[in-house]
Amino acid sequence: MDVLGIDIGGSYIKGALVDVCTGKLTSEPLQLETPQPATPGAIIEVTCELVRLFDWHGVVGCGFPAVIQAGVAKTAANIDSLWIGVDVQKRLQQATGCPVSVINDADAAGLAEMELGAGVNRSGTVLVLTLGTGIGSALFSQGALVPNLELGYLPINGAPAEHYAAAAVRSRENLSWQSWTQRLNLFLNHVERLFSPELIIIGGGISCEYKVFFPLLKVQSDLLPAHFFNQAGVVGAACFAAEKSHA
Ligand code: BGC
């Protein structure tokens, strides 16, 4: 079964058709820039444009960069604060005419990795982190997701960790790999002390460069790059929607 997976991020809105049994993309992935300011009206318009580009009328799964409860956005860190309280699922459903399921973007990436990627058969505590515009986090125990964990908000030196160690900070502040991984190590060590994960899976665009920066990371847990790299969110959103549509 194919589902259109969409990953709404702070910088890009990405989409692809996904075979939800294997996680393989069955179309070219497409991406459009996230409009700024990232207001509800503007993001919904660009997401509809993406759905039109695929000429898609079937099930849609959408990862969204906020705490999502029953389809409603409860926070807004890297998107406009007008999103808080908006029923994202309902608005996207109305605008696209498709059945849509919405999930936090990092939770989506985590599901893809646990069901079909780097976390398959890992039943202990697994933490999936996405490093992009912000830091997304998804925690699994015995394969079950604890939704909406917001580790990017953990304070480091008095500010949210994602303002200090996200991948976007590296580009913005022109940090060397060495300086950025020093920051990332602080964050990872903090997180390890709190959750004692057996495995940490790193996703987000920067995970494609894991060969460069993994050797600089100092963690106790096993460490793996996301099997789906930057497409984990798209794949997981599609899998989530497929599960919902059969529920
Ligand atoms: C948001 C999270 C999201 C992460 C990655 C953070 O700013 O609060 O919900 O998962 O960015 O996009």
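Note that the coordinates shown come from a computational prediction; the quantities given were computed from them, not determined experimentally.

1. Structural notes on the site of the ligand
- Every residue close to the ligand is listed here: Pro65, Ala66, Ala77, Asn78, Asn104, Asp105, Ala106, Ile135, Gly136, Glu150, Tyr153 and Glu162.
- Asparagine 104 is positioned such that a nitrogen or oxygen atom in its side chain is 3.0 Å from an oxygen atom of the ligand.
- Within the complex, the protein chains bury 94% of what would otherwise be the 310 Å² of accessible surface of the ligand.
- Those elements that provide at least two residues to the shell around the ligand are α3 (105–116) and β9 (135–141).
- Tallied by class, the residues present in the shell around the ligand amount to six nonpolar, three polar and three charged.
- Counting only domains with at least three residues in the shell around the ligand, you end up with domain 1 (2–107 + 231–245) and domain 2 (120–229).

2. Things to note about the environment of leucine 82
- Topologically, leucine 82 is positioned in the loop between β6 (72–73) and α2 (88–96).
- For the pair leucine 82 and proline 40, spaced 42 residues apart in sequence, the C-alpha separation works out to 6.8 Å.
- For leucine 82, the contacting residues outside a window of four places in its chain are Thr39 and Pro40.

3. With respect to the domain arrangement of the protein
- On domain assignment, one finds that the protein holds domain 1 (2–107 + 231–245) and domain 2 (120–229).
- Averaged C-alpha coordinates put domain 1 and domain 2 at centres separated by 22 Å.
- Every contact between the two is made by 17 residues of domain 1 and, on the other side, 14 residues of domain 2.
- Summing both sides of the interface, domain 1 and domain 2 together bury roughly 1,200 Å²; the carbon and sulfur share of this comes to 50%.
- Sorting the residues of domain 1 by area buried against domain 2 places Asn78, Ala106 and Asp107 first, and these three jointly supply 40% of that buried surface.
- Connecting domain 1 to domain 2 are zero salt bridges.
- At the surface where domain 1 touches domain 2, the tally comes to seven residue pairs in polar contact (both at pLDDT 80 or more).
- When contributions to the side of domain 1 that touches domain 2 are tallied by element, the ones reaching two or more residues are β5 (68–69), α3 and α8 (232–246).

Rules and cut-offs
- Residues numbered from 1 in each chain as written.
- Predicted model: local features only at pLDDT ≥ 70, side-chain atom pairs only at ≥ 80, totals over all residues.
- Heavy atoms only, no water.
- Near = heavy atom within 4 Å.
- Polar contact = N/O pair within 3.5 Å; in protein donor to acceptor, adjacent residues only side chain to side chain.
- Areas by Shrake-Rupley, 256 points an atom, 1.4 Å probe, with all protein chains shown as cover.
- Helix = DSSP H or I, 4+ residues; strand = E, 2+ residues; numbered from the N terminus.
- Nonpolar A, V, L, I, M, F, W, Y, C, P; charged D, E, K, R; others polar.
- Domains from an automatic or database assignment.
- Contact = heavy atoms within 4.5 Å.
- Buried area = accessible area lost by both parts, 1.4 Å probe.
- Salt bridge = Lys/Arg side-chain N within 4 Å of Asp/Glu carboxyl O.

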